[in-house]
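For reference, the chains in residue letters:
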Amino acid sequence: MLAINVEFIPKIKLMGFISYTNPWIHFKRNTNEHVLYFIKSGELHMQENGVSYVLKKGDIFMLEPNLDHEGTAPHVCDYYYIHFEHPDIQSSNPADLLTLAKEFILEGQTSYDAPYSSVCHFPKRYTLSDKKSLHQTLHAMNEMLQLYKRKHFNRSLTALKFSELLIEVSREYVIHELQQHTGNNTKSVVKVHALLDYIHGHYASKITSADIEQEFECNYDYINRIFTKVTGHPIMRYVNVVRINHAKELIEATHLSFSEIGYLTGLNDPFYFSKVFKKFVGLSPIQYYKEIRKKD
């Protein structure tokens, strides 16, 4: 697995698509760049640093720099390749992948003051078995390839789309790992993940238990129990965690009034906004504002 700091944009060195209709074997080389392969069809047999891999349709594979790699058997194959450099990417072998997956789904919100994580964990090899994911990745690769071929700002735009792809594949990978460890609760975990996305997309509006039941076609008490088990917070408490975290960002980055900030974060009543803010932060909004400006 690779830990990639997505605060930094990768530098695209080379991108392309190869289609071998006759059996072909990859040549031997050692490069100082990362190389990502995405197999569209056929098979690519190769080894890296003495470890053999057989890559098939839907496989995403990351070659690491300064390691010998070469083909091991000839096969027909269609694949995309992206050579890139990145200032903050390294091998990672977390001891507890399940905990890592839960933290990723929670986007680093394991405590009220925890920042969103800027590191995505990307698998060395991963198979996109879901048809929707496979189609979306093929579309993304074709879009990147078209951007790469353009005359103006081609590699910068390609790099931005590539960063998006890395994040999306990382999300799918860790969710898959979480589902593998939850057995019969897989559907519930998927709903919790969807509910997290819903909360982050709708926190500025009023969110009620009835809204959640209608949106997710489930009993609120049941999904609340599952949500609490996964996140450590009941649903409505988590909603306020998200709201207050965004309120803190607005206080730090803008000079909006507290009533405006409350409105933008779904806490329209100024008194209630101040009460909830102090409950989670330990300071009133004005006290927090003064503390931030004092540090600045």
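The structure we're discussing is the one just above.
Once a new chain begins, its residue numbering starts again from 1 and follows that chain's sequence as written. pLDDT decides what is reported in this predicted model: residues at 70 or higher carry local features, side-chain atom pairs at 80 or more are listed and counted, and totals for whole chains, interfaces and linings draw on all residues regardless. Side-chain numbers here rest on the full set of heavy atoms in the structure, without hydrogens or water.

### Notes on the overall build of the protein chain
Move 1: Numbering goes from the N terminus for both helices and strands, where a helix is a DSSP run of H or I of at least four residues and a strand is a run of E of at least two. The number of helices and strands found in the protein chain is 10 helices and 10 strands.
Move 2: Counting over 296 residues, the protein chain shows a buried share of 46%.
Move 3: Of the contacts formed within the protein chain by residues at least 6 apart in sequence, a portion of 72% connects residues at least 24 apart. With a 1.4 Å probe rolled over the protein chains alone, any residue whose accessible area is under 20% of its type maximum counts as buried; one over 50% counts as exposed, and the rest are partly exposed. Residue contacts are defined here by distance: any two heavy atoms, one from each residue, within 4.5 Å place the two residues in contact.

### Some thoughts on the packing of aromatic side chains
Move 1: Only centres within 6.5 Å qualify two rings of Phe, Tyr or Trp (six-membered ring in Trp) as a pair; their planes then separate them into stacked at under 30 degrees, edge-to-face at over 60, and tilted for everything else. Scanning the model with the defined rule gives 14 aromatic pairs in all.
Move 2: Centre to centre, the rings of phenylalanine 258 and tyrosine 289 are 6.5 Å apart; their planes meet at 80 degrees, and the pair counts as edge-to-face. Highlighted residues: phenylalanine 258 in helix H8 (residues 258-264) and tyrosine 289 in helix H10 (residues 285-295), separated in sequence by 31 residues.
Move 3: What makes phenylalanine 258 partly exposed here is its relative accessible area of 27%.
Move 4: Of the aromatic side chains, those joined through ring pairs into one cluster are Tyr20, Trp24, Tyr37, Tyr79 and Tyr81.

### Quick look at the pairing of strand S5 (residues 59-63)
Move 1: Among the five residues of S5, five are classified as buried, and the element is accordingly described as predominantly covered.
Move 2: Across the two faces of S5 the burial is the same, with Asp59, Phe61 and Leu63 and Ile60 and Met62 all buried.
Move 3: Paired strands are those between which DSSP finds at least two bridges. Of the pairings in the sheet, the one linking strand S3 (residues 34-48) to S5 comprises four bridges and is antiparallel in character. The residue of S5 that forms the bridge with tyrosine 37 is phenylalanine 61.
Move 4: One ladder, built from three bridges, connects S5 with strand S10 (residues 125-127); its direction is antiparallel.

### A few points about the nonpolar core
Move 1: In this text, buried Ala, Val, Leu, Ile, Met, Phe, Trp, Tyr and Cys residues form a nonpolar core when linked through side-chain atoms within 4.5 Å. If you look at the biggest cluster of nonpolar residues, it comprises 30 residues, and the most contacted ones within it are Leu36, Ile82, Phe84, Phe122, Met141 and Phe162.
Move 2: Considering every element that reaches this core, the biggest residue donor is helix H3 (residues 154-180), with seven residues.
Move 3: What isoleucine 82 contacts, discounting residues up to four positions off in sequence, is Ile12, Leu14, Met15, His34, Val35, Leu36, Met141, Met144 and Phe162.
Move 4: By size, the runner-up hydrophobic cluster in this structure holds 19 residues, among which are Ile223, Val230, Ile235 and Tyr238.

### Topic: a nonpolar patch on the surface
Move 1: Like charges within 9 Å and nonpolar side chains (Val, Leu, Ile, Met, Phe, Trp, Tyr) within 5 Å are joined into patches, using only residues over 30% in relative accessible area that form no salt bridge. In this description, accessible areas are obtained by the Shrake-Rupley approach with a 1.4 Å probe, and a residue is regarded as covered only by the protein chains that are shown. One side-chain nitrogen of Lys or Arg within 4 Å of one carboxyl oxygen of Asp or Glu is enough to make a salt bridge. There is a patch of nonpolar side chains on the surface, built from Leu256, Tyr263 and Leu264 and spanning about 290 Å² of accessible area.
Move 2: Within the secondary structure, leucine 256 is located in the loop between helix H7 (235-253) and H8.

### Here's the deal with the side chain of glutamate 48
Move 1: Mapping glutamate 48 onto the fold places it in strand S3.
Move 2: Whenever a nitrogen or oxygen atom comes within 3.5 Å of another N or O atom, the pair is scored as a polar contact, on the condition that within protein one atom can donate a hydrogen and the other can accept it, and that pairs from neighbouring residues in sequence are kept only if both atoms are in side chains. In terms of polar contacts, glutamate 48 uses its side chain to reach the side chain of lysine 124, at 2.4 Å.
Move 3: Residues in contact with glutamate 48, not counting those within four places in the same chain, are Tyr53, Phe61, Met62, Leu63, Glu64, Leu67, Asp68, His69 and Lys124.

### So, the pattern of salt bridges
Move 1: Applying the stated rule across the entire model yields seven salt bridges.
Move 2: The residue lysine 124 makes a salt bridge to glutamate 64 at a minimum N-O spacing of 3.1 Å. Here lysine 124 is found in the loop between strand S9 (119-122) and S10, whereas its partner glutamate 64 is found in the loop between S5 and strand S6 (69-73), with 60 residues between them in sequence. Across the pair, exposure class does not vary: lysine 124 and glutamate 64 are buried alike.
Move 3: Where glutamate 291 meets lysine 294, a salt bridge forms, and the shortest distance between an N and an O atom there is 3.7 Å. Pair noted here: glutamate 291 and lysine 294 are both in helix H10, with a separation of three residues, about one helical turn.
Move 4: A residue is classified by how much of its surface remains accessible, and lysine 294, at 65% relative accessible area, is exposed.
Move 5: In the salt-bridge network here, residues are joined through shared partners; they are Glu48, Glu64 and Lys124.

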